[in-house]
Amino acid sequence: MSSKTQENGKNYALPIAIMFALFFMIAFVTGYQNPLGDVIKKMSGNSVIASQLGTFANFIAYAVMGYPAGKILQNKGYRYTALMAVNVGFLGVLVTYLSGFIEDMTLAVAIYLLGAFIAGFSVCMLNTVVNPMLNSLGKNQKQGNQLVQFGGSCNSLGATLAPVIVGGLIGGSASTISSANPVFYMAMIIFAVAFLVLYFTKLPEAPDFGKDKEKIPASGAFRYSNFVFGMVAIFGYVGLEVGIANFTLQYLSGNESIASGTMTAAAIAGTVTGLYWLLMLVGRLIGGVIGGKVSSRAMLVTTATVAAVLLLLGIYMPESKVPFFGFNSSDLSFMPVSIPVNAIFLVLCGLCTSVMWGAIFNLSVEGLGKYTQVASGIFMIMVCGGGIIPLIMGAIAGGTGILGSFWLLVAVCIYLLAYALVLSHPKSHNDEKLYEDGK
């Protein structure tokens, strides 16, 4: 792929840095819904399902906004779409903040979820911008992919810090939305600063922006079985990634026996969940190094198998305590605590989930040719699995307990393994004739 990155001696270090910062924002704004779920849970009579409603609203927005976001990007370009995204994000956080002033609890939760849904529009639009822009800013295809990998690491960093910082700010005793006001102030400041930086920065556009493009029907991608089964795999994968983090936090934050001194169970749970996202960052860095040597199929087979084993250990291991550490927000220090050994196996899954997206994507678009870009847009819609699967887990947890709900994620891992071994092989047909006919 040709690129304009260094054409005429231009230095695009600032636009690249801005995209990295947006990657961080995406994860942070998505990630704070997890610890806030504990507050909604308390407001809703300790309903586990209620704890996942904010995440559900955030991710279901992808199903609504995925296709429109792609059209906005195609018609208006990177800068316009990014500015619109941060404006929408600010509005979403503002609505969530205002819900804390409503006395009627049912209405307050409803307005809170509306804010999370609007914020979901924002992160969907930002995701639509940052991936193709970083890819186009590279000197060549290899460097473009490398920039996306580094952007993903910034995303993991944001996801790592969100539960730790937010869990520490709101504490374990928070029982109203207004208790999280410091979080909302922080998020609105982030969006406001992002708007100002984007507004006063001249971002480069794609080389072919504004030119007439061939109309490629989305239906053509559905002729490929590896893509169709890949859509299900992407849906399941995002649910797996989010479900592990959300329900590890729920498992620990509801266990007051792990509280130690000034460290509440919620704060400890936030630190442990932060470690999960940190391991995803480590896994993505490792995946970027070995990605050129190991096939996507082998990578997915290995990670799906190991993740399933780790989840089963998390479900069945005795809940004996092991030494760990917690982040104390009062003096910004770490202190020794003890957590169930189950949680260690659950967070180790972060090393596996970190590289699954890229492996699934590569297997899904194999052989698609000119339908690859259309397929990429449809994948963005399937990210809604990150909201739907945790909600189903919440319903399961109501009957089996938190650990029992992880069986759904074991089932997802089994599907991903089947996809890697069997379902990802492209369906046999005359590819060249399909491309020529545009069918």
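The preceding data block contains the structure.
Residues numbered from 1 in each chain as written. Predicted model: local features only at pLDDT ≥ 70, side-chain atom pairs only at ≥ 80, totals over all residues. Heavy atoms only, no water.

Enquirer: Hey, could you run me through the nonpolar core in this one?
Expert: In this structure, Tyr 32, Leu 311, Met 356 and Phe 406 are the most contacted members of the largest nonpolar core, which totals 131 residues. In this structure Tyr 32 touches Val 93, Ala 162, Val 166, Val 183, Phe 184 and Ala 187, once residues within four positions along its chain are discounted. (Core = buried A, V, L, I, M, F, W, Y, C linked by side-chain atoms within 4.5 Å. Buried < 20%, exposed > 50% of the residue type's maximum accessible area, 1.4 Å probe, protein only. Contact = heavy atoms within 4.5 Å.)

Enquirer: Sorry, what's going on with a nonpolar patch on the surface here?
Expert: Among the surface-exposed residues, Leu 278, Val 282, Ile 286, Val 289, Ile 290, Val 294 and Leu 351 lie close enough to one another that they form a single nonpolar patch of about 520 Å² accessible area. In terms of residue count, helix 10 (residues 265-290) provides more of the nonpolar patch than any other element does, five residues in total. Locating Val 289 in the fold gives a position in helix 10. (Patch = residues over 30% accessible without salt bridge, like charges linked within 9 Å, V, L, I, M, F, W, Y side chains within 5 Å. Areas by Shrake-Rupley, 256 points an atom, 1.4 Å probe, with all protein chains shown as cover. Salt bridge = Lys/Arg side-chain N within 4 Å of Asp/Glu carboxyl O. Helix = DSSP H or I, 4+ residues; strand = E, 2+ residues; numbered from the N terminus.)

Enquirer: Where do I start with unusual backbone geometry in this structure?
Expert: What is expected of a backbone is that most residues other than glycine have negative phi and most peptide bonds are trans. Backbone geometry at Asn 46 places phi at a positive 60°, although glycine is not the residue there. For Asn 46, the location among the structural elements is in the loop between helix 2 (33-43) and helix 3 (48-51). For Asn 46, a relative accessible area of 54% puts it in the exposed group.

Enquirer: Help me understand the packing of aromatic side chains, please; the structure alone is not making it clear to me.
Expert: The geometry of an aromatic ring pair comes down to the distance between the two centres and the angle between the two planes. Applying the stated criterion to the full structure yields 14 aromatic pairs. Look at Phe 361 and Phe 379: their rings are 5.6 Å apart centre to centre, the planes differ by 65°, and that puts the pair in the edge-to-face class. A residue pair is termed long-range when its members are at least 10 positions apart, and Phe 361 in helix 14 (residues 356-364) and Phe 379 in helix 15 (residues 372-382) qualify at 18 residues. Owing to a relative accessible area of 22%, Phe 361 belongs among the partly exposed residues under this scheme. Judged by relative accessible area, Phe 379 falls into the buried class, the value being 1%. Among the aromatic side chains, those forming a connected cluster through ring pairs are Phe 222, Phe 227, Phe 361 and Phe 379. Sitting over the ring of Tyr 80, Lys 76 keeps its end group 5.5 Å from the ring centre. (Phe/Tyr/Trp six-rings, centres within 6.5 Å; stacked < 30°, edge-to-face > 60°. Lys NZ or Arg CZ within 6 Å of the ring centre and 35° of its normal.)

Enquirer: What's the story with the environment of Asn 246 in this structure? I'm lost.
Expert: When you line up the elements, Asn 246 lands in helix 9 (residues 225-253). On the basis of relative accessibility, which here comes to 3%, the residue Asn 246 falls in the buried class. Taking the C-alpha atoms as reference, Asn 246 lies 10.0 Å from Gly 270; in sequence the two are 24 residues apart. Within polar-contact distance, the side chain of Asn 246 engages the side chain of Thr 55 at 3.2 Å. (Polar contact = N/O pair within 3.5 Å; in protein donor to acceptor, adjacent residues only side chain to side chain.)

Enquirer: I'm lost on helix 9 in this one. Help?
Expert: In an α-helix there are 3.6 residues to a turn, and that puts residues three or four apart on one side. Between its terminal C-alpha atoms helix 9 stretches 42 Å, which fits the 42 Å expected from 29 residues at 1.5 Å a residue. Among the 29 residues that make up helix 9, 25 are buried, leaving the element largely enclosed by the rest of the structure. (Expected span 1.5 Å × (residues − 1).)

Enquirer: Could you clarify how one ought to interpret the packing of helix 9 against helix 14 in this entry?
Expert: Working note: a packed helix pair is described by the angle between its axes plus the distance between those axes. Running from N to C, helix 9 and helix 14 cross one another at 170°; their axes reach a closest spacing of 9 Å. Relative to helix 14, the element helix 9 is oriented roughly antiparallel. Residue-level contacts link Asn 226, Phe 227, Gly 230, Ala 233, Ile 234, Tyr 237, Val 238 and Leu 240 of helix 9 to Met 356, Trp 357, Ile 360, Leu 363 and Ser 364 of helix 14. Here the residues of the contact of helix 9 with helix 14 sort into ten nonpolar, three polar and no charged. (Axes fitted to C-alpha atoms, helices over the stretch in contact; angles between N-to-C directions. Parallel < 35°, antiparallel > 145°, perpendicular 65-115°, else oblique. Nonpolar A, V, L, I, M, F, W, Y, C, P; charged D, E, K, R; others polar.)

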